[in-house]
Amino acid sequence: MAIPVPEKRILDFEEMGFGMFIHWGLYSQLGKGEWVQHIHGIPKEEYIKLQDTFTASKFDGRKIAQIAKKGGAKYITLTTRHHEGFSLYDTKGLNTYDAPHSPAGRDLIRDFVDGCNAEGIVPFFYHTTLDWWHPDFNNDFNKYLDYLFKSVEILCTHYGKIGGLWFDGNWSKKDADWKEDRLYAMIRR
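We now turn to the structure provided with this report.

Turning our attention to the side chain of His 82. Considering the arrangement of structural elements, one finds His 82 in the loop between strand 2 (75-81) and helix 5 (108-119). A distance of 3.1 Å separates the side chain of His 82 from the side chain of Tyr 126, its partner in a polar contact. Apart from the residues within four sequence positions on either side, His 82 is in contact with His 23, Tyr 27, Glu 34, Trp 35, Tyr 126 and Thr 128.

Now the structure itself:
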């Protein structure tokens, strides 16, 4: 029996070995983890006010990459949007619930990617598929998927070469048609 040979993209990932995974976003201000809104039952109307105090004043993509590199990491996966729906990147008009529309006033994913590139670290993006903020997630799922795909397309087209994407949340609607073939075709294109 022949030993299977992985596709180049899979082999490249496997050969990187050690990487860093960072969950960071609005919830970081509360110091209780990325599930704080859900675990503590914080109403959406109250939680979104965290955007008004989100300065990201100490966020430094280059420093993050330097720390990862010093630790031996070859890649870093950073949350671009977690389940609370807030994006660390410029959503290009899809909404204003993002870092550029907060007191941070900047695209933190751009900062992150530039820092990784400067240090020879491969940037990967975590992106939720579940969204506690977007009304269409529970009201018009197909419309929500259009929003999700447009969001991911921004990540695939505005930051240069990335190592890959890490999705989380399909478990929230186990019987839904997430149209993954459409999503992955767009990513690979």
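Moving on, we get to the sheet that holds strand 2. Ordered by their spatial adjacency, four strands build an open sheet running 1-2-3-4, and the pairing between neighbours is parallel. Because the sheet does not close on itself, it has two edges, and the strands there are strand 1 (19-22) and strand 4 (164-168). Across the sheet, the axes of successive neighbouring strands diverge by a mean angle of 25°, strand direction being ignored. Of the strand pairs in this sheet, strand 2 and strand 3 (residues 122-128) are connected by six bridges, and their pairing is parallel. Its bridge partner lying in strand 3, Leu 78 is registered against Phe 125.

Moving on, we come to the pattern of salt bridges. Under the criterion given, the structure shown has eight salt bridges. The salt bridge partner of Asp 146 is Arg 182, with a shortest N-O separation of 3.0 Å. Of this pair, Asp 146 sits in helix 7 (residues 141-157) while Arg 182 is found in helix 8 (residues 180-188), placing the two residues 36 residues apart along the sequence. Judged by its relative accessible area of 33%, Asp 146 is partly exposed. Through salt bridges with shared partners, one network takes in Arg 62, Lys 69 and Glu 119.

Tyr 47, Phe 54, Ile 76, Ile 109, Phe 112 and Phe 125 are the most contacted members of the largest nonpolar core, which totals 46 residues. At the level of elements, helix 4 (61-70), strand 2, helix 5, helix 7 and helix 8 are the ones that each hand at least two residues to this core. With nine residues, the single largest contributor to this core is helix 7. If sequence neighbours within four positions are ignored, Ile 109 has contacts with Leu 78, Thr 79, Thr 80, Leu 88, Tyr 89, Phe 125, Leu 155 and Tyr 159.

Below, the discussion takes up the packing of helix 4 against helix 5. Interaxial distance between helix 4 and helix 5 falls to 7 Å at its minimum, and their mutual angle equals 45°. By the angle between their directions, the pair helix 4 and helix 5 is classed as oblique. Between helix 4 and helix 5 lies a crossing of right-handed hand. Taken together, the residues of helix 5 that come into contact with helix 4 (itself represented by Gly 61, Arg 62, Ala 65, Gln 66 and Lys 69) are Asp 111, Phe 112, Gly 115, Cys 116, Ala 118 and Glu 119. Here the residues of the contact of helix 4 with helix 5 sort into four nonpolar, three polar and four charged.

Now for unusual backbone geometry. In this model, Lys 92 sits at a positive phi of 50°, which is unusual for a non-glycine residue. With relative accessibility at 47%, the residue Lys 92 sits in the partly exposed group.

Here the focus is the packing of aromatic side chains. Taken as a whole, this structure holds 20 aromatic pairs when the rule is applied. Taking 5.1 Å as the distance between ring centres and 75° as the angle between the ring planes, the aromatic pair formed by Phe 54 and Phe 86 counts as edge-to-face. Of this pair, Phe 54 sits in the loop between helix 3 (44-47) and helix 4 while Phe 86 is found in the loop between strand 2 and helix 5, placing the two residues 32 residues apart along the sequence. Residue Phe 54 shares its accessibility class with Phe 86, and that shared class is buried. Among the aromatic residues, those joined into a ring-pair cluster are Trp 24, Phe 54, Phe 59, Phe 86, Tyr 97 and Trp 133. Looking at Lys 173, its charged tip hangs above the ring of Phe 137, at a distance of 4.7 Å from the centre.

Conventions adopted
- Residues numbered from 1 in each chain as written.
- Predicted model: local features only at pLDDT ≥ 70, side-chain atom pairs only at ≥ 80, totals over all residues.
- Heavy atoms only, no water.
- Helix = DSSP H or I, 4+ residues; strand = E, 2+ residues; numbered from the N terminus.
- Polar contact = N/O pair within 3.5 Å; in protein donor to acceptor, adjacent residues only side chain to side chain.
- Contact = heavy atoms within 4.5 Å.
- Pairing = 2+ DSSP bridges.
- Axes fitted to C-alpha atoms, helices over the stretch in contact; angles between N-to-C directions.
- Salt bridge = Lys/Arg side-chain N within 4 Å of Asp/Glu carboxyl O.
- Buried < 20%, exposed > 50% of the residue type's maximum accessible area, 1.4 Å probe, protein only.
- Core = buried A, V, L, I, M, F, W, Y, C linked by side-chain atoms within 4.5 Å.
- Parallel < 35°, antiparallel > 145°, perpendicular 65-115°, else oblique.
- Left-handed = near helix turned anticlockwise from the far one by under 90°.
- Nonpolar A, V, L, I, M, F, W, Y, C, P; charged D, E, K, R; others polar.
- Phe/Tyr/Trp six-rings, centres within 6.5 Å; stacked < 30°, edge-to-face > 60°.
- Lys NZ or Arg CZ within 6 Å of the ring centre and 35° of its normal.

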